[in-house]
Amino acid sequence: MHVFQIKGFSGFLALLFAILLTILLLFALPTAFMMVLWNALIYESFKLGPEINYYQGFLLWALFLIVFKLVFNPEIHFQFDALDNPNAKSSSAKKNKRSKEQLKSDKHKPSKK
């Protein structure tokens, strides 16, 4: 972990400038790019959709990032447990109960030294 020391008012201004530049590079420029791209292609060239503003450009950029993440790095996994009896507990609950019982029994066993 790095520790940065801010010295005086000029150091504070440099930090503020760095934060604003980071925000600009991560949010404002891609948002403006998506807005201009949409308005140039969809609104003016093809006449297929409405003209969008800056906020809608930001939402379009966020949607693009989410879709990009899901397509090229899908790490979301869903697991469903089938229940034979609706009143019965799931198998994961049974496993958790067994593991708790094993932990309790391990605590009562004398350690070998």
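Predicted model only: the values in this text are computed from it and were never measured. (Residues numbered from 1 in each chain as written. Predicted model: local features only at pLDDT ≥ 70, side-chain atom pairs only at ≥ 80, totals over all residues. Heavy atoms only, no water.)

### Brief notes about the overall build of the protein chain
Okay, so step 1: The helix and strand inventory of the protein chain stands at 3 helices and 0 strands.
Okay, so step 2: Of the regular secondary structure in the protein chain, the N- to C-terminal order runs α-α-α.
Okay, so step 3: Of all 113 residues assigned to the protein chain, the portion counted as buried reaches 9%. (Helix = DSSP H or I, 4+ residues; strand = E, 2+ residues; numbered from the N terminus. Buried < 20%, exposed > 50% of the residue type's maximum accessible area, 1.4 Å probe, protein only.)

### A look at helix α1 (residues 8-45)
Okay, so step 1: Here α1 contains 38 residues, and its C-alpha end-to-end distance of 52 Å stays within 8% of the 56 Å for a straight helix at 1.5 Å per residue.
Okay, so step 2: The sharpest bend along α1 reaches about 40 degrees and sits at leucine 24.
Okay, so step 3: Of all the positions in α1, only Gly11, Ala28, Pro30, Thr31, Met34, Met35 and Asn39 are classed as buried.
Okay, so step 4: In this structure, the buried residues of α1 make contact with α2 (54-72).
Okay, so step 5: Following α1 by one or two positions, lysine 47 adopts a phi angle in the positive range, close to 55 degrees. (Expected span 1.5 Å × (residues − 1). Bend = angle between axes of the 7 residues up to and from the residue. Contact = heavy atoms within 4.5 Å.)

Geometric values such as these leave the question of function open.
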